[in-house]
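Architecture and fold: a report
Here is how the chains run, residue by residue.
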Amino acid sequence: MILRFALLISAAFVAASPALAQETGTLIRHRVAQMPGRGPAAARVTMEGFAACVVDRSQGRTRKFIDLPVGSPEYKSLLKSMFDPSDECMADGQLELSENLLRGGIFVALFKHDYKSKAIDSFPDDLNSGYLQLYGDTVPSAAYSVVALEQFGECVARANPALSRSLVLSYPASRQENETVQALMPKFSACIPDGEKIELSKATVKGAVAEGLLRLTRAVTKSEFARTEVQK
């Protein structure tokens, strides 16, 4: 399946109170911190903390969510449930973000939860993450941008698993993140189809790479498990 379309991602983060956070935003099993100051990475720190909290508290819900076709009724229902005001992952203020950024944050959190200690040097060329199979022969227009990001992320993860892992595990706006993004820049360009234009922020790039890396790592893990079972 060949996907050809332009993609433009943008999003806004809003905090209801300018008060400094009492938590870092990276803590889980707590309320997500309000915006930690007003630095350039404050919104991203808060978003990643929120996503980590959602994953930590609702692992079954988030794992089901990532394996549903975008735009399906069940997908929409699960996405909406992640913004339940009664959820303890919500800060005392407000957090507004795009669907794609929340999705990316969930993949970052899931990868850290499941595979933080699993480093993979390379992925087999014939390895199939199975993601496109969710859509059959045609990708609905409502899912185009999400599928584009996922395919971009898989491409980058295949090209350099080590650097992709470093990016996903990095703290927002940290030296590690900045240096990894610069090192991966040639891979980003190579993973964009000729003639297409994809404008991405660091947050969307990180989320896309996290999704691609998680799906490929999960596929490798399943393959390894299957081989082990056969050999028994």
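All values derive from a computational prediction rather than experimental measurement.

1. Considerations on the overall build of the protein chain
Secondary structure assignment for the protein chain yields 8 helices and 2 strands. Secondary structure elements of the protein chain, listed N to C terminal, follow the sequence β-α-α-α-α-α-α-α-β-α. Expressed as a percentage of contacts within the protein chain between residues at least 6 apart in sequence, the contacts between residues at least 24 apart total 74%. Of the accessible surface of the protein chain, which amounts to about 11800 Å², a share of 52% is contributed by carbon and sulfur atoms.

2. Some remarks on the environment of V45
You can see V45 is positioned in helix α1 (residues 42-57). With relative accessibility at 5%, the residue V45 sits in the buried group. C-alpha separation for the pair V45 and Y171, spaced 126 residues apart in sequence, amounts to 7.9 Å.

3. Regarding helix α4 (residues 99-115)
The end-to-end C-alpha distance of α4 is 24 Å, a good match for the 24 Å that 17 residues give at a rise of 1.5 Å each. Counting buried positions over the 17 residues of α4 gives 13, a clear majority of the element.

4. Brief notes about helix α6 (residues 161-169)
For α6, the complete set of buried residues consists of P161, S164, L167 and V168. Down the axis of α6, the smallest arc covering the buried residues is 120 degrees, so these residues share one side.

5. Here's the deal with the pattern of salt bridges
Applying the stated criterion to the full structure yields 12 salt bridges. Salt-bridge contacts for E48 lead to K112; the nearest nitrogen and oxygen are separated by 3.8 Å. With E48 in helix α1 and K112 in helix α4, this residue pair connects regions lying 64 residues apart in the sequence. Classification of E48 by relative accessible area gives buried; the value is 13%. Of the residues examined, K112 reaches a relative accessible area of 29% and is grouped as partly exposed. Linking R103 and E211 is a salt bridge whose minimum nitrogen-to-oxygen distance equals 2.8 Å. Placement of R103 in helix α4 and of E211 in helix α8 (residues 202-231) is noted, with a sequence separation of 108 residues between them. Comparing R103 with E211 shows no difference in burial state: the two are buried. It is possible to trace a salt-bridge network through shared partners that takes in D67, R103, E150, E211, R215 and R218.

6. Focus: the nonpolar core
One recurring pattern in soluble globular proteins is that nonpolar side chains are buried together. Of all hydrophobic cores here, the largest spans 53 residues; its most connected members are F65 and I106. When neighbours within four sequence positions are excluded, F65 is seen to be in contact with Y75, L78, L79, M82, R103 and I106.

7. Some words on the packing of aromatic side chains
Evaluation of the coordinates by the stated rule reveals 4 aromatic pairs. Residues Y131 and Y135 carry aromatic rings whose centres are separated by 5.5 Å and whose planes lie at 75 degrees to one another, so their mutual orientation is edge-to-face. Plain terms: the ring middles of F152 and F188 are 5.8 Å apart, the flat faces sit at 45 degrees to each other, and that makes the pair tilted. Of this pair, F152 sits in helix α5 (residues 144-159) while F188 is found in helix α7 (residues 175-190), placing the two residues 36 residues apart along the sequence. With respect to class, F152 is no different from F188; both count as buried.

8. Here we look at empty space enclosed by the protein
Summary: where empty space remains is shown by rolling a probe the size of a single water molecule over the atoms. One pass over the full model with this rule turns up 2 cavities of 30 Å³ or more. If you add up the space inside the largest cavity, you get close to 120 Å³. Looking at the largest cavity, it is lined by 17 residues, and the ones nearest its centre are N100, G104, T204, G207 and A208. At the level of secondary structure, the elements contributing two or more residues to the lining of the largest cavity comprise α1, α4, α5 and α8.

Parameters at a glance
Residues numbered from 1 in each chain as written. Predicted model: local features only at pLDDT ≥ 70, side-chain atom pairs only at ≥ 80, totals over all residues. Heavy atoms only, no water. Helix = DSSP H or I, 4+ residues; strand = E, 2+ residues; numbered from the N terminus. Contact = heavy atoms within 4.5 Å. Areas by Shrake-Rupley, 256 points an atom, 1.4 Å probe, with all protein chains shown as cover. Buried < 20%, exposed > 50% of the residue type's maximum accessible area, 1.4 Å probe, protein only. Expected span 1.5 Å × (residues − 1). Arc of directions from axis to C-beta. Salt bridge = Lys/Arg side-chain N within 4 Å of Asp/Glu carboxyl O. Core = buried A, V, L, I, M, F, W, Y, C linked by side-chain atoms within 4.5 Å. Phe/Tyr/Trp six-rings, centres within 6.5 Å; stacked < 30°, edge-to-face > 60°. 1 Å grid on protein atoms, 1.4 Å probe; cavity = no way out; pocket = protein on both sides within 12 Å on 5 of 7 lines; lining within 4 Å. Points joined across faces, edges and corners; volume = space filled by probe spheres on them.

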